[in-house]
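Residue-level structure breakdown
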Amino acid sequence: ICFYITPIGEEDSEQRRHADFMMEYIIKPAVAEFGLTVVRADQMGKPGMIGKQVIGHILNARLVIVDLSFHNPNVFYELCLRHVTRLPTVQVKRMVDTIPFDLNQYRTISIETRDPYTLMPKIQTYTAEVANQVRRSLEDAEYGDNPISLYYPSTKLTWTDK
């Protein structure tokens, strides 16, 4: 599983269109060669508490791709949970967005989305950049380079399923 953490927004909102576009045209093609299935919170059809299911995916997915676009607080919260697992994570964002200081030190793929005439010719390039970061993350799955691992290198969240 590749869990895609992203601002989802309301139906037909800019956030939803962005999340749908990124998932279909960049994220899914980028992870296909690794045999990963992309899962996004709003597309989980299992009955029950969505929050529990989201946290389960954050803690158990082989890979998480997190989209820091739109400065969504839930996205940052979910990224923090993933950081303490020290499992493979790839960060992406819209080029127009800045990210907080604690995160801007880590490789984040910036994607120009404002203009279709700029975006469309570069989709393959963006997909290749994401795939390259996925490959590097999966090759060293225990590395987990992030603010938690930098400042508290012995910290790693472990859990058992009930």
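Structure shown above.
Owing to the predicted nature of the structure, the values given are computational and were not obtained by experimental measurement. Here the residue numbers are simple positions, counted from 1 along each chain's written sequence. At least 70 in pLDDT is required for a residue's local features to be given in this predicted model, at least 80 for side-chain atom pairs to be given and counted, and no such filter applies to totals for whole chains, interfaces and linings, which use all residues. Hydrogens and waters are ignored; side-chain quantities use all the structure's heavy atoms.

**A few points about a nonpolar patch on the surface**
- Candidate patch residues must exceed 30% relative accessible area and have no salt bridge, after which like charges are joined if within 9 Å and Val, Leu, Ile, Met, Phe, Trp or Tyr side chains if within 5 Å. Residue exposure ignores everything except the shown protein chains as possible cover, and the areas themselves are Shrake-Rupley values with a 1.4 Å probe. By definition, a salt bridge exists where a carboxyl oxygen of Asp or Glu is found within 4 Å of a side-chain nitrogen of Lys or Arg. On the surface, a cluster of nonpolar side chains totalling about 370 Å² of accessible area is made up of Leu-150, Tyr-151 and Tyr-152.
- With respect to the helices and strands, Leu-150 occurs in helix H6 (residues 147–151). Secondary structure counts use DSSP, requiring at least four H or I residues in a row for a helix and at least two E residues in a row for a strand, with both numbered from the N terminus.

**Digging into the state of the cysteines**
- Any two cysteine sulfur atoms within 2.5 Å of one another count as a disulfide. Tallying each qualifying case throughout the model produces zero disulfides.
- Cys-80 supplies the cysteine sulfur nearest to Cys-2, a cysteine that is in no disulfide, at a spacing of 19 Å.
- According to the relative accessible area criterion, Cys-80 is partly exposed, its value standing at 42%. Using a 1.4 Å probe on the protein chains alone, a residue whose accessible area is under 20% of its type maximum counts as buried, one over 50% counts as exposed, and one in between counts as partly exposed.

**Details of the pairing of strand S1 (residues 2–5)**
- Taking every second residue as pointing to the same face, both faces of S1 are buried, with Cys-2 and Tyr-4 on one and Phe-3 and Ile-5 on the other.
- Two strands are counted as paired when DSSP detects at least two bridges linking them. Bridge analysis of S1 against strand S2 (residues 38–40) gives three bridges, and the strand direction is parallel. Residue Tyr-4 lies in a different strand from S2, and its bridge partner there is Arg-40.
- For the crossover from S1 across helix H1 (residues 14–32) to S2, the handedness is right-handed.
- Bridge count between S1 and strand S3 (residues 63–67): four bridges; the pairing is parallel. By the bridge assignment for S3, Tyr-4 is matched with Ile-65. For crossovers, right-handed means that the path from the first strand over the helix to the second runs clockwise, given strands pointing away from the viewer.

**Description of the packing of aromatic side chains**
- For Phe, Tyr and Trp, where Trp contributes only its six-membered ring, two rings pair if their centres lie within 6.5 Å, and the inter-plane angle classes them as stacked under 30 degrees, edge-to-face over 60, or tilted in between. One pass over the structure, following the stated rule, counts one aromatic pair.
- On the numbers, 5.1 Å between centres and 35° between planes, the contact of Phe-21 with Tyr-25 is tilted. Highlighted residues: Phe-21 and Tyr-25, both in helix H1, separated by four residues, approximately one helical turn.
- By the criterion adopted, a ring carries a charge over it if an Arg CZ or a Lys NZ lies within 6 Å of its centre and within 35 degrees of its normal. Geometry around Phe-70 places Arg-94 over its ring, the cationic atom sitting 3.8 Å from the centre.

**What to know about the side chain of His-83**
- With respect to the secondary-structure elements, His-83 resides in helix H3 (residues 73–85).
- Classification of His-83 by relative accessible area gives buried; the value is 8%.
- If sequence neighbours within four positions are ignored, His-83 has contacts with Gln-91, Leu-103, Asn-146, Pro-147 and Ile-148. Here, two residues are considered to be in contact whenever any of their heavy atoms come within 4.5 Å of each other.

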